[in-house]
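Coordinate analysis (summary)
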Amino acid sequence: SDLLFPGCELTASTKSYTFQVDKEDDSDHILALSVVCLTDGAKDECNVVEVVGRNHENQEIAVPVANLKLSCQPLLSLDNFKLQPPVTFRLAAGSGPVHLAGWHQIVHREDASFEEDDDLSEEEEELAPIMPAKK
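Remember, it's a predicted structure, so these values are computed and weren't measured experimentally. (Residues numbered from 1 in each chain as written. Predicted model: local features only at pLDDT ≥ 70, side-chain atom pairs only at ≥ 80, totals over all residues. Heavy atoms only, no water.)

What follows concerns the overall build of the chain. Helices and strands together make up the secondary structure of the chain, namely one helix and eight strands. The buried share of the chain, reckoned over its 135 residues, is 30%. Within the chain, counting contacts between residues at least 6 apart in sequence, those at least 24 apart form 78% of the total. Roughly 9200 Å² of accessible area belongs to the chain as shown, and the carbon and sulfur atoms make up 52% of that amount. (Helix = DSSP H or I, 4+ residues; strand = E, 2+ residues; numbered from the N terminus. Buried < 20%, exposed > 50% of the residue type's maximum accessible area, 1.4 Å probe, protein only. Contact = heavy atoms within 4.5 Å. Areas by Shrake-Rupley, 256 points an atom, 1.4 Å probe, with all protein chains shown as cover.)

What follows is the structure, encoded as structure tokens:
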């Protein structure tokens, strides 16, 4: 099911925001980032937004996803850029305010595994037994 991600605002005083889900939740969560934009009060300066996550070795990785400037690039569409929580958005340069918005998608594992089991049993029924070749 898709939920609207209410978004967050990064400013000089709130430089980062972390989106995370309950550790007890065994569903798969995807955060799809759709837009990053400057809002009222932004100065004409470079505002760099980074996505901070962890790699397979649990090391922090920061990747710039937007460089906004009021006079030339006040808004950037990220076309539902998919991220897996927990994920942190950080204002690496500039003072904002920068608003981020998107979608939060939840895939319930018990639903997905139930569907996979159904598919497997159907395939098994359709396969004919392998017969030895006649000589």
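The pLDDT averaged across the chain works out to 83; a share of 78% of its residues lies at or above 70. Mean pLDDT across the secondary structure elements of the chain bottoms out at helix 1 (residues 109–126), with 49, and peaks at strand 7 (residues 87–93), with 95. Scored below 50 in pLDDT, residues 112–125 makes zero contacts in the model with residues more than four places away or belonging to other chains. (pLDDT = per-residue confidence, 0-100.)

It is the rolling of a water-molecule-sized probe over the atoms that shows where space remains empty. The computed volume of the largest pocket comes to approximately 340 Å³. As for the largest pocket, its lining consists of 16 residues, of which Val52, Gly53, Arg54, Pro86 and Val87 are closest to the centre. Among the elements of the structure, strand 4 (47–54), strand 5 (60–68), strand 6 (75–83) and strand 7 are those that each provide at least two residues to the lining of the largest pocket. (1 Å grid on protein atoms, 1.4 Å probe; cavity = no way out; pocket = protein on both sides within 12 Å on 5 of 7 lines; lining within 4 Å. Points joined across faces, edges and corners; volume = space filled by probe spheres on them.)

Here the residue pair Pro85 and Pro86 is connected by a cis peptide bond, since its omega of 0 degrees sits within 30 degrees of zero. Residue placement: Pro86 occurs in the loop between strand 6 and strand 7. Cis geometry marks the peptide bond from Gly96 to Pro97, where omega comes out at -5 degrees. Tracing the backbone through its elements, the reader meets Pro97 in the loop between strand 7 and strand 8 (98–107). We note that Asn58 has phi near 65 degrees; this positive angle belongs to a residue other than glycine. By the element assignment, Asn58 lies in the loop between strand 4 and strand 5. A positive phi angle is found at Asn80, which is not glycine, with a value near 55 degrees. Looking at where Asn80 falls in the secondary structure, it is placed in strand 6.

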